Amino acid sequence: IRVICPKGDKYWRKFTYGSPLRITIQGTQYQGWAEIIDNPEEARKEWRAIIKNKPELASQLNVPILESGEPDIELIDTLANMSSLDILRIEISGK
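In this text, all values refer to a predicted model and were calculated from it rather than measured experimentally.

## What to know about helix α2 (residues 40-53)
It helps to recall that an α-helix has 3.6 residues per turn; residues three or four apart then point in one direction.
Logical step 1: Between the first and last C-alpha of α2 there are 20 Å, a value that for 14 residues agrees with the 20 Å anticipated at 1.5 Å per step.
Logical step 2: Taken as a whole, α2 has its buried residues at Ala 43, Arg 44, Glu 46, Trp 47, Ile 50 and Ile 51. Projected onto a plane normal to the axis of α2, the buried residues spread over an arc of 165° and lie on a single side. For α2, the exposed residues set more than 90 degrees away from the buried face come down to Lys 45, Lys 52 and Asn 53.
Logical step 3: Where α2 begins, the side chain of Asn 39 points an oxygen toward the backbone nitrogen of Glu 41, at a separation of 2.9 Å.

Structure below.
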């Protein structure tokens, strides 16, 4: 699971170095591990995957779409480096 969150926000900051968590999805509670992706290369890969899977986010994040229909990868790289947003990675380990 990936969550886009404001960089430096007090609530999300506790996940900077990773933390166990409980999350409820459709009424079922799960345990897992969550951490902010702070490696720039990992962040670029995550932004590419997120925007590829949810292309409507490209316009919300002001990433232009090329004539091919793909998001402009150069600007995704800039977004991952300079954005005011972080990506929180949540790995589910069990119920």
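## With respect to the side chain of Ser 19
Logical step 1: Mapped onto the secondary structure, Ser 19 falls in strand β2 (residues 19-25).
Logical step 2: Taking the relative accessible area as the measure of exposure, Ser 19 reaches 18% and is therefore buried.
Logical step 3: Discounting residues that sit within four places of it in the chain, Ser 19 has contacts with Lys 14, Gly 32, Trp 33 and Ala 34.

## Observations concerning the pairing of strand β3 (residues 28-36)
Logical step 1: The pairing of β2 with β3 spans 7 bridges and is antiparallel. The partner of Pro 20 across the bridge, within β3, is Trp 33.
Logical step 2: Note that β3 and strand β4 (residues 85-94) share 6 bridges and pair antiparallel. Paired with Ala 34 across the strands is Ile 90, a residue of β4.

## As for the pattern of salt bridges
Logical step 1: This model, assessed by the stated rule, comprises 6 salt bridges.
Logical step 2: In this structure, Arg 2 and Glu 91 form a salt bridge, with 3.8 Å as the shortest nitrogen-oxygen distance. With Arg 2 in strand β1 (residues 2-6) and Glu 91 in strand β4, the pair connects residues that are 89 residues apart, well separated along the chain.
Logical step 3: Residue classification places Arg 2 among the partly exposed residues on the basis of a relative accessible area of 34%.
Logical step 4: For Glu 91, a relative accessible area of 40% translates into the label partly exposed.
Logical step 5: Ionic pairing is found between Arg 89 and Glu 42, a salt bridge with its closest N-O pair at 2.9 Å. Of this pair, Arg 89 sits in strand β4 while Glu 42 sits in helix α2, and the two are 47 residues apart along the sequence.

## Considering the nonpolar core
Logical step 1: Ile 37, Ala 43, Trp 47, Ile 50, Ile 51, Leu 57, Ala 58, Leu 61, Val 63, Ile 76 and Ile 87 together form the largest nonpolar core, which totals 11 residues.
Logical step 2: Listing elements by their share of this core, those giving two or more residues are α2 and α3 (56-60).
Logical step 3: Here this core takes 4 residues from α2, the largest share from any one element.
Logical step 4: Excluding residues that lie within four positions of it along the chain, Ile 76 makes contacts with Arg 44, Trp 47, Arg 48, Ile 51, Val 63 and Pro 71.
Logical step 5: Residues Cys 5, Ile 23, Ile 36 and Ile 90 belong to the second largest nonpolar core, which totals 8 residues.

The rules behind these values
Residues numbered from 1 in each chain as written. Predicted model: local features only at pLDDT ≥ 70, side-chain atom pairs only at ≥ 80, totals over all residues. Heavy atoms only, no water. Helix = DSSP H or I, 4+ residues; strand = E, 2+ residues; numbered from the N terminus. Expected span 1.5 Å × (residues − 1). Buried < 20%, exposed > 50% of the residue type's maximum accessible area, 1.4 Å probe, protein only. Arc of directions from axis to C-beta. Polar contact = N/O pair within 3.5 Å; in protein donor to acceptor, adjacent residues only side chain to side chain. Contact = heavy atoms within 4.5 Å. Pairing = 2+ DSSP bridges. Salt bridge = Lys/Arg side-chain N within 4 Å of Asp/Glu carboxyl O. Core = buried A, V, L, I, M, F, W, Y, C linked by side-chain atoms within 4.5 Å.

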